[in-house]
Amino acid sequence: MMLSNIPQVGGDPLWSLIEAFNQDIRKHKMDLIVGVYRDESGNTPIMQVVKSAEQTLANQGLSKAYRQLSGNDLFNKRIARFLLGDSQRLENYCAMQTVGGTGALRLLAEFINCLSPSATVWNSEPGYINHRPIMESAGLKVKPYRWQTKDQQLDLSSSLADLASAAEGDIILLHGCCHNPTGIDPTDSQWRQLTEFCKSKKLVPLIDMAYQGFGDEPDLDAAGLRCMAQELDLVLIASSCSKNMGLYCERVGVAIVLLPENENHSQNVRHLLERITRANYSMPPDHGAALAAKLFEDPTPWLKELSECRNRIKSIRMTLGKVLDEMGAPPSLTMIARQKGMFSMLPFNKDQMDALRVKFAIYGTSNGRINIAGLKTNQIRMLAEALVSIVRQP
Ligand SMILES: Cc1ncc(COP(=O)(O)O)c(C=O)c1O
C-alpha cells in the first residue's frame, strides 16, 4: 500500500456546510441542511415512547451475548408487518436487520451484485445524495431517470421514457414515500402505472422507505410499496427507523427480499445475505432494534407521537405555501404546500443557494434542497421573503 497514491476525494460537502453554519454568527440564521426532524424549539427530542422502552429494556437486563446474523428477529418480523400490512407476501420473504437504512441499501446492493453483476440501477434525478455512491461502491452501474417537471411536480412520462431503455432484470430504485430531495410522491394511480411498467419490462423495484409515517398515516405512506408487493414477484425493500422513531444514531434498519409465492430459494437467499454481512460487520447492534421491536408491539402511543411530528411538518408546509402564494410566488415555490415529508427542492441553482446563504443566512444544500422540518413557525415569513427575493432577481 502506498499512501502517496491516496486520491484527493475532499470532505463530505454536506458536513462542510454544517461547519459553515456553526461558524455563522448571525442570530437569525436558519439550518435547513441535514435531514433530521426538529421540533418548534429547534431540538431533535427523544420520543417519550423510546425513553420508556429504554427503561423497560434496562430493567429486563437481557444478556449481551451475540444475537443472530440476521439481527433481532422479533424486530424483523414486526417491521415487515409494519411495511407490508396484512399481506400474504409475509409468507415468503427474508428480512435482515441492518445498520440503518444505509446498511440495508448497501446489503441489497451487494446482494444484487452477487446475483446479477451486470444489472443497472436506475436512480431518480434528482435523487437521494447517497444512493449512487452506495450502489457504485457495491460495484453496480447507475443510470438516471427524470423525476420532476420545472414547476416541481412529478414528471412520470419523462421517468417512463428514460426507463424505457432499461433491460430485463434491471433495478428501479424508488422512494416509498416522502421522496428525498423533492418531496414529490406518485399518486396511487401513478404507483399502479409504475407497477405495471415494472411488470411488463421485468424490472425489479428496490423501494427505499426511509420516512414511513412522515408524509401521511403509515399505511397510506406504504400504499405504493404494497401495490408493488401485491403485483410483482421479486421486490427489494430497504427501510429505516431513523426518522419515524427518531433513532438516528442507534442505526436501525431492515433489508427485505420478497420472494415469489412458490419460490423455494428462500433459504439460499437468507444464507447469501448472511454471508455478505458476516464478511462486513458480522451482525448489527441490537439496542436500537430491541427498542423498535417494543414500539411495534404496542404501536398506538408511538403512532401518536409520530403524528405530532408529521402534523408539524404539514402545518409548516401549508403556512409557507400560503404566505408564498400571497406574495405572488410562482408554482415552483408554492408547490411546497403539496409536497410530502421533510424535504423540498427549491428551483434554485448553486449560485442562488449561495445567495440565500450569504444574503439571508439561510442554509440549504447546494442542489437546492431544504429541510422543512428544520423551520420554526416564526421563521416562515422570513424564509418566504428571501425565496421570493431570490426568484425575482434577474
Ligand atoms: C431516502 C433515504 N434513504 C436512506 C437514508 C438513510 O437512512 P439511515 O440514516 O437510517 O441510514 C436516508 C437518510 O437521510 C434517506 O433520506
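You'll find the structure just up there.
What counts and what doesn't
Residues numbered from 1 in each chain as written. Predicted model: local features only at pLDDT ≥ 70, side-chain atom pairs only at ≥ 80, totals over all residues. Heavy atoms only, no water. Near = heavy atom within 4 Å. Polar contact = N/O pair within 3.5 Å; in protein donor to acceptor, adjacent residues only side chain to side chain. Areas by Shrake-Rupley, 256 points an atom, 1.4 Å probe, with all protein chains shown as cover. Helix = DSSP H or I, 4+ residues; strand = E, 2+ residues; numbered from the N terminus. Nonpolar A, V, L, I, M, F, W, Y, C, P; charged D, E, K, R; others polar. Phe/Tyr/Trp six-rings, centres within 6.5 Å; stacked < 30°, edge-to-face > 60°. Buried < 20%, exposed > 50% of the residue type's maximum accessible area, 1.4 Å probe, protein only. Lys NZ or Arg CZ within 6 Å of the ring centre and 35° of its normal. Contact = heavy atoms within 4.5 Å. Salt bridge = Lys/Arg side-chain N within 4 Å of Asp/Glu carboxyl O. Axes fitted to C-alpha atoms, helices over the stretch in contact; angles between N-to-C directions. Left-handed = near helix turned anticlockwise from the far one by under 90°.

A.B. asks: A description of the site of the ligand should follow, citing residues and the corresponding values.
C.D. replies: Taken together, 13 residues form the shell around the ligand, and within it T102, D208, Y211, S240 and S242 come nearest. Here an oxygen atom of the ligand sits 2.6 Å away from a polar atom, N or O, in the side chain of S242. A distance of 2.8 Å separates an oxygen atom of the ligand from a polar atom in the side chain of K243. Protein burial of the ligand: of its 400 Å² of free accessible surface, 90% is covered by the chains. Per element, the largest residue contribution to the shell around the ligand is four residues, and it comes from helix 4 (residues 100-115). Tallied by class, residues from the shell around the ligand come to four nonpolar, six polar and three charged.

A.B. asks: Lay out the packing of aromatic side chains with the relevant residues and their values.
C.D. replies: For any pair of aromatic rings, the description rests on two quantities: the centre-to-centre distance and the angle between the ring planes. Using the criterion set out here, one finds nine aromatic pairs in the structure. Centroid distance Y211 to F214: 6.4 Å. Interplanar angle 75°. Geometry classified as edge-to-face. With respect to class, Y211 is no different from F214; both count as buried. Here F296 and W302 contribute two aromatic rings whose centre-to-centre distance is 5.5 Å and whose plane-to-plane angle is 90°, an arrangement assigned as edge-to-face. A relative accessible area of 10% places F296 in the buried class. Taken together, the ring pairs in this structure connect Y37, Y211, F214 and F343 into an aromatic cluster. Here the guanidinium or amino end of K29 rests over the ring plane of F21, the centre of that ring lying 4.4 Å away. A cation over an aromatic ring shows up here: R369 above the ring of F343, its NZ or CZ 3.8 Å from the ring centre.

A.B. asks: Please set out helix 6 (residues 156-163) residue by residue, giving values where relevant.
C.D. replies: Counting buried positions along helix 6 yields six of eight residues, so the element is predominantly enclosed. Within helix 6 the residues assigned to the buried category are L156, S158, S159, L160, D162 and L163. For helix 6, the secondary structure elements touched by its buried residues are strand 3 (120-125), strand 4 (141-146), strand 5 (171-175) and helix 7 (188-201).

A.B. asks: Could you give me a rundown of the pattern of salt bridges, with the residues and numbers involved?
C.D. replies: Within this structure, the stated rule accounts for 18 salt bridges. Between K314 and D216 there is a salt bridge, with the nearest N and O atoms lying 3.1 Å from each other. Of this pair, K314 sits in helix 12 (residues 300-326) while D216 sits in the loop between strand 6 (204-209) and helix 8 (218-221), and the two are 98 residues apart along the sequence. Classification of K314 by relative accessible area gives partly exposed; the value is 33%. Residue D216 is classed as buried on the basis of its relative accessible area of 19%. A salt bridge links R357 to D354; the nearest nitrogen and oxygen atoms lie 3.0 Å apart. Taken together, the positions of R357 and D354, both in helix 14 (residues 350-360) and three residues apart, correspond to about one turn of that helix. Residue classification places R357 among the partly exposed residues on the basis of a relative accessible area of 24%. Through salt bridges with shared partners, a single ionic network connects D216, K314 and K340.

A.B. asks: Report on the packing of helix 4 against helix 10 (residues 266-278), specifying residues and quantitative values.
C.D. replies: Two elements in contact, helix 4 and helix 10, have axes separated by 10 Å at closest approach and are oriented at 115°. Once helix 4 is placed against helix 10, the crossing between them reads as right-handed. Across from L107, E110, F111, C114 and L115 in helix 4, the residues of helix 10 making contact are V269, L272, L273, I276 and T277.

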